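Here are the chains, one letter per residue:
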Amino acid sequence: MVRAAIDAAAAAGERDVPVGAVVFDSAGRELARAANAREALGDPTAHAEILALRRAAAVHGDGWRLEGATLAVTLEPCTMCAGALVLARVGRLVFGAWEPKTGAVGSLWDVVRDRRLNHRPEVRGGVLADECAALLDQFFRTQR
């Protein structure tokens, strides 16, 4: 699933950080995919996860609820994205690289495991972390 997210990251524009996200249904079928498009769209909420969740909700058939779905993403989600996947009732999150500066799934904060929330997805982080981190390293090397 993270390999699909790596493929999705390739669709990011040249100015957007190459983060990819893919939503799968409970049977493992792909519902939606997206890459970061914050710069391309001029939209601060256009993170790969948000775009993929929106698209998945539109095709899933149960309104905004993505119960039983898995979100695979190349980078540990930020606070906004972690909150969105909790509110969408995503069943499982699988991500690649850890993000110590803004990560909200254990690095800086842990939004998805907060016991005060009524939904807590299963989480698996660090999957293909080196490959996912290499996408970011390469992008930021060319930006400097």
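These figures come from a predicted structure and were not determined experimentally.

Calculation rules
- Residues numbered from 1 in each chain as written.
- Predicted model: local features only at pLDDT ≥ 70, side-chain atom pairs only at ≥ 80, totals over all residues.
- Heavy atoms only, no water.
- Disulfide = S-S within 2.5 Å.
- Buried < 20%, exposed > 50% of the residue type's maximum accessible area, 1.4 Å probe, protein only.
- Phe/Tyr/Trp six-rings, centres within 6.5 Å; stacked < 30°, edge-to-face > 60°.
- Helix = DSSP H or I, 4+ residues; strand = E, 2+ residues; numbered from the N terminus.
- Contact = heavy atoms within 4.5 Å.
- Core = buried A, V, L, I, M, F, W, Y, C linked by side-chain atoms within 4.5 Å.
- Pairing = 2+ DSSP bridges.
- Axes fitted to C-alpha atoms, helices over the stretch in contact; angles between N-to-C directions.

Enquirer: Any chance you could break down the state of the cysteines for me, citing the residues and the numbers?
Expert: Under the definition given, this model contains zero disulfides. Here Cys78 stays free of any disulfide, with the sulfur of Cys81 as its closest cysteine sulfur at 3.7 Å. Residue classification places Cys81 among the buried positions, given a relative accessible area of 0%.

Enquirer: Pulling in residues and values, what's your account of the packing of aromatic side chains?
Expert: Inspection of the entire model under this criterion finds two aromatic pairs. Pairing Phe95 with Trp98 gives two aromatic rings, centres 4.8 Å apart and planes at 85°, and the pair type is edge-to-face. In this structure Phe95 comes out as buried when scored by relative accessible area, which is 0%. Taking the centre distance of 5.0 Å and the plane angle of 80° together, the rings of Phe139 and Phe140 count as edge-to-face.

Enquirer: Residue-level account of the environment of Leu136, with values.
Expert: Positionally, Leu136 belongs in helix 5 (residues 129-143). Through-space distance from the C-alpha of Leu136 to that of Leu75 is 9.1 Å; in sequence the pair is 61 residues apart. Apart from residues no more than four positions distant in its own chain, Leu136 is found in contact with Val17, Pro18, Val19 and Leu75.

Enquirer: Please provide a residue-by-residue account of the nonpolar core, values included.
Expert: Counting residues in each nonpolar core, the largest one holds 35 residues, and the members touching the most others are Val23, Leu66, Leu71, Leu85, Val90 and Leu93. Those elements that place two or more of their residues in this core are helix 1 (2-9), strand 1 (20-24), strand 2 (30-35), helix 3 (48-60), strand 3 (70-75), helix 4 (79-87), strand 4 (92-97) and helix 5. Broken down by element, this core gets its largest block of residues, five residues, from helix 3. In this structure, Leu93 is in contact with Leu71, Val73, Pro77, Leu85, Val105, Glu122, Val123 and Arg124, ignoring residues within four places of it in sequence. Within the second largest apolar cluster, six residues are counted, among which are Ala4, Ala5, Phe24 and Ala72.

Enquirer: Could you give an account of the sheet that holds strand 1, naming the residues involved and the relevant values?
Expert: As summarised here, the arrangement of the five strands in space is 2-1-3-4-5, forming an open sheet in which the pairing is mixed. Two strands lie at the open edges of the sheet, namely strand 2 and strand 5 (122-124), each paired on one side alone. Direction aside, the axes of adjacent strands within the sheet are offset by 15° on average. Direction of pairing for strand 3 relative to strand 4: parallel, over a ladder of five bridges.

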